[in-house]
Amino acid sequence: MKLTIGTKIYAGYFLAIVIIIFFGVTAYLNTGKLLSDSKWVTHSNEVKNNITSVLSAMQDAETGQRGYIITGKESYLAPYFQGRDSIYPKLKELKGLIIDNENQTHRADLIKPLIEKKLAKMEEIIQIRRSKGFASAEAGIVAGMGKQTMDSIRAILAEMTNDENRLLIERRSIMEVTYQKTNSAVLWGIPISVIILALIGFSITRNVAKPLRQVTRTAESIANGDLSGNIASSGRNDEIGALMQSFNKMIIMLREQNQEILKGVNIIASTSSQILTSTAQIATGSAETAAAISQTTTTVEEVRQASQLSSQKAKNLSDSANMVARVSLDGQNAVDETVAGINNISKQMDEIAQTVILLSEQSQSIGGIIASVTNLADQSNLLAVNAAIEAAKAGEQGKGFAVVAQEIRNLAEQSKQATMQVRKILNDVQKATNAAVLATEQGNRAVEAGVKKSAQAGEAIRTLTESSREAVQIATQIVASSQQQLIGMDQIGMAMQNINQAGMETSISMTQAEEALTNLHELGQKLKELVEQFKM
Amino acid sequence: MAIEPEQKRDTSTITEIIEFALAAESYGIESAFVREVCTLKDFTPLPGVPSFILGIVNVHGQILPVLNLNIFFNLPDRGLGELNKVIILCDDQMEFGILADEVNGTKAIYREEILHVPLTITGIGEKYLKGVTKDHMIILSAESLLSDKNIVVNEEVNQ
């Protein structure tokens, strides 16, 4: 058969559907019949109920009437009014229900006037009671035909009810029959259809299951790792045939892929070993780097401390240089004062010199005067000599003149002596003056020397100040550069830390990589094992 | 104040001499031949005269030669240094002045005090010396000076 499995299955299902429809229709029809039958049953019950209610309405009226008649209270008339008001509608209802039944209709027609009669009678009695009282009413009841009417009504209603009961029984039996029919249909039909469907199902499954089992077996063997088997082609063209062909293709594909995977796995294994060695090397390298970094950090710390020390020293130097500068400033001031003092002395010396020069000049003048006095004395002396000569030439007459000449000579001599004394004193004064001049000169020289020395001292102090200022500058520069050094060291330290951090992270990453690689390696091994499970 | 003149022991032996200093030696010369003593002022040197003639001076309008005894007596010449006095010697024939450092005045001495002296003491020729006193004053002979032929200059200027 060239039917596809799908067609076969559809056919099976179609058959099942047909059977179901058949059963469904049957059930539906029978159920409908049952329903209508039960409706008739209900109908009869309704009629019965209606009849009962009519009767009860009449009874209610009667009760009410009686109550009123007995008690005379209007309130006891309530059932009476109720019954009375509901009789006619109910009667109408009844009529409507039994309209298909001739007998019953006839009976209903009989009842109506009776009811009317009864009601009228009751009303009458009520009126009597109202107006005339109990005794009259009682008399009326006894005398009247009310009871008989009521009995007639009751009889008719009973008939009606019996009739209806009979109908009920009939209808019930009809329902029973219908029910039986339905039951048997179902009871017989289901097993038959079950058998038919079973047979169909069985054949289909056989058609489908056997090859499927074969395929499953092959799949099972593949699952167990045996890729060597093949499915024998059955030459079928349906889905099963297609499945088997596809399965064969799949087996071939799997085989090829396995081989490829195996190749790939080998490559992975070798590559991961290579990478492992590389990472091991990197790990070693980073360990070395870490060691070098810690060394560098220690060295940096040492340098830092050294530069701090040098900075401190430079600060000290700066301080002491500042002090030196101050001291040298004081020294310079002192030197300046000294120079000023010395200049003062020099001025005094100059004044002294001036005075001495004045003295000298005066003594020069005195000397001049002395010279002239001496000259005078000389001349006087000469004069005296000449006078003596003349006196001598004059002889005797000149003796008096000779005396005079002698006196003149004496005078001249005295003045000469005097001048000599003065000269001597002048000489002494001159000597003293010279000594003073010498002393002044020496003083001047000393002053000059002092000035020079002070100048030298001043120079030295200035040089010292300069040097100390330079020293301060240098010290400041050293401090600054030490600070920079410190900052640099700090930066280096931080950089080292960063490097350390990075190194550690690298280390961690390396470890992770190693782990990953190891995993990969294991995975590769596992893959290899998996792949090698399959027999090709 | 007046000084009593020296007691006359023997007026005939007293000579008045003019005492003067020359080249650190004290000399004396008879005042009889001394006309005047004056200071040396504005002497005019003469060319073509012996070296002992200093030059000529104008004394009271009279032109007189001046001799430098240092040179004349061949004493070590000290230049004109202190020679600032001129003693004018004069006699009947000759009149000239001689240089002196100082003229100390007149002195009356006895002839006996004039002692003869050996030649070796001074370089002055014997004929010009009269003697030496005990005060080491060399008494010069004015007459011999005045009559010395060497003093007369007769040179003529070459024409």
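Residues numbered from 1 in each chain as written. Chains lettered and ligands numbered in written order. Predicted model: local features only at pLDDT ≥ 70, side-chain atom pairs only at ≥ 80, totals over all residues.

(A) Here's a closer look at the overall build of chain B. The helix and strand tally for chain B stands at 2 helices and 10 strands. Walking chain B from its N terminus toward its C terminus, one meets helices and strands in the order β-β-β-β-β-α-β-β-β-β-β-α. A buried classification covers 33% of the 159 residues belonging to chain B. For chain B, the proportion of contacts with a sequence separation of at least 24, taken over those separated by at least 6, is 53%. (Helix = DSSP H or I, 4+ residues; strand = E, 2+ residues; numbered from the N terminus. Buried ≥ 20, exposed ≤ 12 C-beta atoms within 10 Å, placed from the backbone. Contact = placed C-beta atoms within 7 Å.)

(B) Local environment of the overall build of chain A. Secondary structure assignment for chain A yields 7 helices and 0 strands. Starting at the N terminus and walking to the C terminus, you meet the elements of chain A as α-α-α-α-α-α-α. Out of the 536 residues belonging to chain A, those deemed buried represent 18%.

(C) Seen up close, the nonpolar core. Counting 47 residues, the largest nonpolar core has A:A388, B:I18, B:I29, B:V34 and B:I87 as its most contacted members. Per-element accounting of this core gives the leading share, 9 residues, to helix α6 (residues 239-394) of chain A. The residues contacting B:V34, other than those within four sequence positions of it, are A:I389, B:I18, B:I29, B:I87, B:I88 and B:L89. If you look at the next biggest cluster of nonpolar residues, it comprises 24 residues, including A:I51, A:I69, A:A137 and A:I153. (Core = buried A, V, L, I, M, F, W, Y, C linked by C-beta atoms within 7 Å.)

(D) Representation of helix α5 (residues 146-223) of chain A in the model. Residues and elements named next belong to chain A. Largest kink in α5: about 30°, centred on R206. All buried positions along α5 are accounted for by G146, T149, M150, I153, L157, M160, E164, T178, P211 and T218. Buried residues in α5 make contact with α1 (5-71), α3 (102-132), α4 (134-143) and α6. Where α5 ends, the next residue or the one after it, G225, has phi of about 105°, a positive value. (Bend = angle between axes of the 7 residues up to and from the residue.)

(E) View of the pairing of strand β4 (residues 53-59) of chain B. Residues and elements named next belong to chain B. In this sheet, strand β5 (residues 62-67) lies alongside β4 in antiparallel orientation, the contact comprising 6 bridges. Within β5, the position partnered with G55 by the bridge is V66. Adjacent in sequence and paired antiparallel, β4 and β5 are bridged by 2 residues, among which H60 carries a positive phi angle near 50°. (Pairing = 2+ DSSP bridges.)

(F) The sheet that holds strand β1 (residues 14-22) of chain B, seen in detail. What the 5 strands build is an open sheet, ordered β8-β1-β2-β10-β9 (chain B); its pairing is mixed. Only two strands of the sheet have a single partner each, and these edge strands are β8 (102-110) and β9 (129-132) of chain B. Between one strand axis and the next, the sheet turns through 30° on average, direction left out of account. Where strand β2 (residues 25-30) of chain B lies against strand β10 (residues 137-140) of chain B, 4 bridges are found, and the strand directions are parallel. From the neighbouring strand, B:G28 faces β10(B), where its bridge partner is B:I139. Here α6(A) sits on the sheet in contact with β1 and β8 of chain B, set at roughly 35° to β8(B). (Axes fitted to C-alpha atoms, helices over the stretch in contact; angles between N-to-C directions.)

(G) View of the interface of chain B and chain A. Each partner contributes residues to the interface: chain B has 16 residues there, and chain A has 14 residues. At the level of secondary structure, the elements contributing two or more residues to the side of chain B that touches chain A comprise β1, β3 (34-39) and β8 of chain B.

(H) Representation of the packing of α1(A) against helix α2 (residues 78-97) of chain A. Residue and element names in this part refer to chain A. Here α1 crosses α2 at 160°, and the two axes come no closer than 8 Å. Overall, the two elements α1 and α2 adopt an arrangement that is roughly antiparallel. Crossing angle aside, the handedness with which α1 passes α2 is left-handed. Residues belonging to the contact of α1 with α2 are distributed by class as follows: 14 nonpolar, 9 polar and 5 charged. (Parallel < 35°, antiparallel > 145°, perpendicular 65-115°, else oblique. Left-handed = near helix turned anticlockwise from the far one by under 90°. Nonpolar A, V, L, I, M, F, W, Y, C, P; charged D, E, K, R; others polar.)

(I) Inspection of the packing of α3(A) against α5(A) at higher detail. Residue and element names in this part refer to chain A. Packing of α3 against α5 leaves a shortest axis separation of 9 Å and a crossing angle of 155°. Here α3 lies roughly antiparallel to α5, going by the angle between them. As α3 runs across α5, the sense of the crossing is left-handed. Residues N103, Q104, R107, L110, I111, L114, I115, K117, K118, K121 and M122 of α3 form the contact with α5, whose own contacting residues are G146, T149, M150, S152, I153, I156, L157, E159, M160 and D163.

(J) Spatial organisation of the sheet that holds strand β7 (residues 95-100) of chain B. All names here are of chain B. Here we have 5 strands laid out as an open sheet, ordered β3-β6-β7-β5-β4, and mixed in their pairing. The sheet terminates laterally at β3 and β4, the two strands that pair on one side only. Adjacent strand axes in the sheet meet at a mean angle of 30° when their direction is disregarded.

(K) Seen up close, unusual backbone geometry. Residues and elements named next belong to chain B. In this structure, D42 is a non-glycine residue whose phi angle is positive, near 50°. With respect to the helices and strands, D42 occurs in the loop between β3 and β4. A tally of 8 C-beta atoms within 10 Å means that D42 is categorised as exposed. A positive phi angle, close to 50°, is found at H60, a residue other than glycine.

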